Amino acid sequence: MGKQMTEMLKGTLEGIVLALLTGKAAYGYEITTLLRERGFTEIAEGTVYALLVRIEQKGLVDVEKRPSEKGPPRKVYTLNAQGKTELNEFWNTWSFLSERLEQLRKEGN
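Being a predicted model, the structure only gives us computed values, none of them experimental. (Residues numbered from 1 in each chain as written. Predicted model: local features only at pLDDT ≥ 70, side-chain atom pairs only at ≥ 80, totals over all residues. Heavy atoms only, no water.)

**Q** Which parts of the structure should I look at to understand the pattern of salt bridges?
**A** When the charged atoms of two side chains lie near each other, side chains of opposite charge can form a pair. Inspection of the entire model under this criterion finds seven salt bridges. With its nearest N and O atoms 3.1 Å apart, the salt bridge here joins glutamate 56 to lysine 75. Note that glutamate 56 is positioned in helix H3 (residues 45–57) and lysine 75 in strand E3 (residues 74–79), a separation of 19 residues in sequence. (Salt bridge = Lys/Arg side-chain N within 4 Å of Asp/Glu carboxyl O. Helix = DSSP H or I, 4+ residues; strand = E, 2+ residues; numbered from the N terminus.)

Shown next, in the form of structure tokens:
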């Protein structure tokens, strides 16, 4: 994945993670795995954890600590009402941008 892709992803990764948490609670490593299963293979685990800290600070997720078989308790993230609102805004913005970009691409041909 090139530098341009990495830069573009930075802005959209929050929305992608919120989308992954729709109807499904998950902990950090699970979220990284879900991203990789969907083809986002280049995303570092550290990037995902930093993002989870940000969305927690913004109040977009509820966090519950659950005991882990190995090591410290795991933080499990669930999308809350504020997170759902944020996700809807993300999808609206995404639709708007993708429509405009597609239009530009067609005009260029």
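**Q** Would you mind showing me how to read the nonpolar core here?
**A** Nonpolar side chains in soluble globular proteins tend to end up buried together. Formed by 22 residues in total, the largest nonpolar core has its most connected members in Val17, Leu21, Ile31, Leu35, Leu52 and Ile55. Those elements that provide at least two residues to this core are helix H1 (3–20), helix H2 (28–37), H3, E3 and helix H4 (81–108). It is H1 that contributes the most residues to this core, six residues altogether. Excluding residues that lie within four positions of it along the chain, leucine 35 makes contacts with Leu13, Ile16, Val17, Leu20, Phe40, Ile43 and Val48. (Core = buried A, V, L, I, M, F, W, Y, C linked by side-chain atoms within 4.5 Å. Buried < 20%, exposed > 50% of the residue type's maximum accessible area, 1.4 Å probe, protein only. Contact = heavy atoms within 4.5 Å.)

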